[in-house]
Structures are given as C-alpha cells and as structure tokens.
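Geometric and topological summary
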Amino acid sequence: MMLKVTDVGKTYGEFTALKNINLEVKDGEFLAIMGPSGSGKSTLINILGLLDQSYTGEYLLENKNYQAVNDNELSQIRGDQLGFVFQNFKLLSTYTVYENIEVPLIYRADCKK
Ligand SMILES: Nc1ncnc2c1ncn2[C@@H]1O[C@H](COP(=O)(O)OP(=O)(O)OP(=O)(O)O)[C@@H](O)[C@H]1O
Ligand SMILES: [Mg+2]
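Now for a look at the structure at hand. Here the structure is a predicted model, which means the values were calculated and not measured.

**Considering helix H1 (residues 41–48)**
Listed as buried for H1 are Thr 43, Leu 44, Ile 47 and Leu 48. Down the axis of H1, the smallest arc covering the buried residues is 135°, so these residues share one side. On its buried side, H1 packs onto strand E1 (3–12), strand E2 (15–25) and strand E3 (56–61). Backbone geometry just after H1 places Leu 50 at a positive phi near 60°.

The structure is reproduced here in structure tokens:
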C-alpha cells in the first residue's frame, strides 16, 4: 500500500479541521481529493506530504510511520518520493524557470551525501 490513512484527525486549537479520515491508495492508483474551500484538503495534503507531523490517528507511507522522524530524514523522503504543485506559487522570483526547477534537485543531491 502506497498510502494508508487510519482515523486521522487534526485540530487547530479548538477548531477541528479533520476528523476520522480513512483512505488507502495502492501503487499506481490515482486519487483526487475534492471539497469546498475550508473543508481540509490542504490540511490533509500537508499530512500526506510529510509537512505536518502533529495529527492524531495513523498515516503510513509505504508502510512506514513518519510521525516521529526528524526533519533531515523527512527532507530526504520528500525529495525522493513526494512532489507538490502548490496552490499559491512558491517560485523564487529572482531565479529563472530553469533555476527554480534546479532547486529541489540540488537539495536532493545534498540529502544523499
Ligand atoms: N494554521 C491554521 N490555524 C487555524 N486554522 C486553520 C489553519 N490552517 C487551516 N485552518 C482552518 O482549517 C480549515 C481547513 O483549511 P484548509 O486550508 O485545509 O482547507 P482547504 O480545503 O484546503 O481550502 P481551500 O480550497 O480554500 O484551499 C479551514 O476552516 C481553515 O480556516
Ligand atoms: Mg487548500
């Protein structure tokens, strides 16, 4: 199983953004998460993309739990296994398109040292 999400929940203070999320994604499967603004899509994608480790329940990526993994190891996994197209653009305005594309590749090479 590529992704396995079991009873995942997320609160911001008193506010419950995610509750009882369960889903599985097998290798080669495509999944679209849809919902109105504020329904928690970005909150969930941050957890799935290993950007947020403060949630309840269990999330396994390729059968591994990353909730207690340090940021260096997370950076490596994110560099190797995960790709994001951000809703609000994260391009560096002083770089060319080519240089922007190089940025994650440079980090990836660094991680492997
Ligand atoms: N850092 C935060 N602190 C407090 N509340 C937050 C925070 N981030 C998100 N929320 C709240 O959690 C809920 C889910 O937000 P989220 O950004 O995940 O929604 P979304 O489905 O991605 O919306 P959109 O389609 O507008 O991108 C919203 O009510 C939002 O106000
Ligand atoms: Mg969003």
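**Things to note about the site of ligand 1**
Every residue close to ligand 1 is listed here: Tyr 12, Phe 15, Ala 17, Pro 36, Ser 37, Gly 38, Ser 39, Gly 40, Lys 41, Ser 42, Thr 43 and Gln 87. Within the backbone of Ser 39, one N or O atom sits 3.3 Å away from an oxygen atom of ligand 1. The separation between an oxygen atom of ligand 1 and a polar side-chain atom of Thr 43 is 2.5 Å. Within the complex, 58% of the 630 Å² of free accessible area of ligand 1 lies under protein. Within the residue set of the shell around ligand 1, elements represented by two or more residues are E2 and H1.

The rules we used
- Residues numbered from 1 in each chain as written.
- Chains lettered and ligands numbered in written order.
- Predicted model: local features only at pLDDT ≥ 70, side-chain atom pairs only at ≥ 80, totals over all residues.
- Heavy atoms only, no water.
- Buried < 20%, exposed > 50% of the residue type's maximum accessible area, 1.4 Å probe, protein only.
- Helix = DSSP H or I, 4+ residues; strand = E, 2+ residues; numbered from the N terminus.
- Arc of directions from axis to C-beta.
- Contact = heavy atoms within 4.5 Å.
- Near = heavy atom within 4 Å.
- Polar contact = N/O pair within 3.5 Å; in protein donor to acceptor, adjacent residues only side chain to side chain.
- Areas by Shrake-Rupley, 256 points an atom, 1.4 Å probe, with all protein chains shown as cover.

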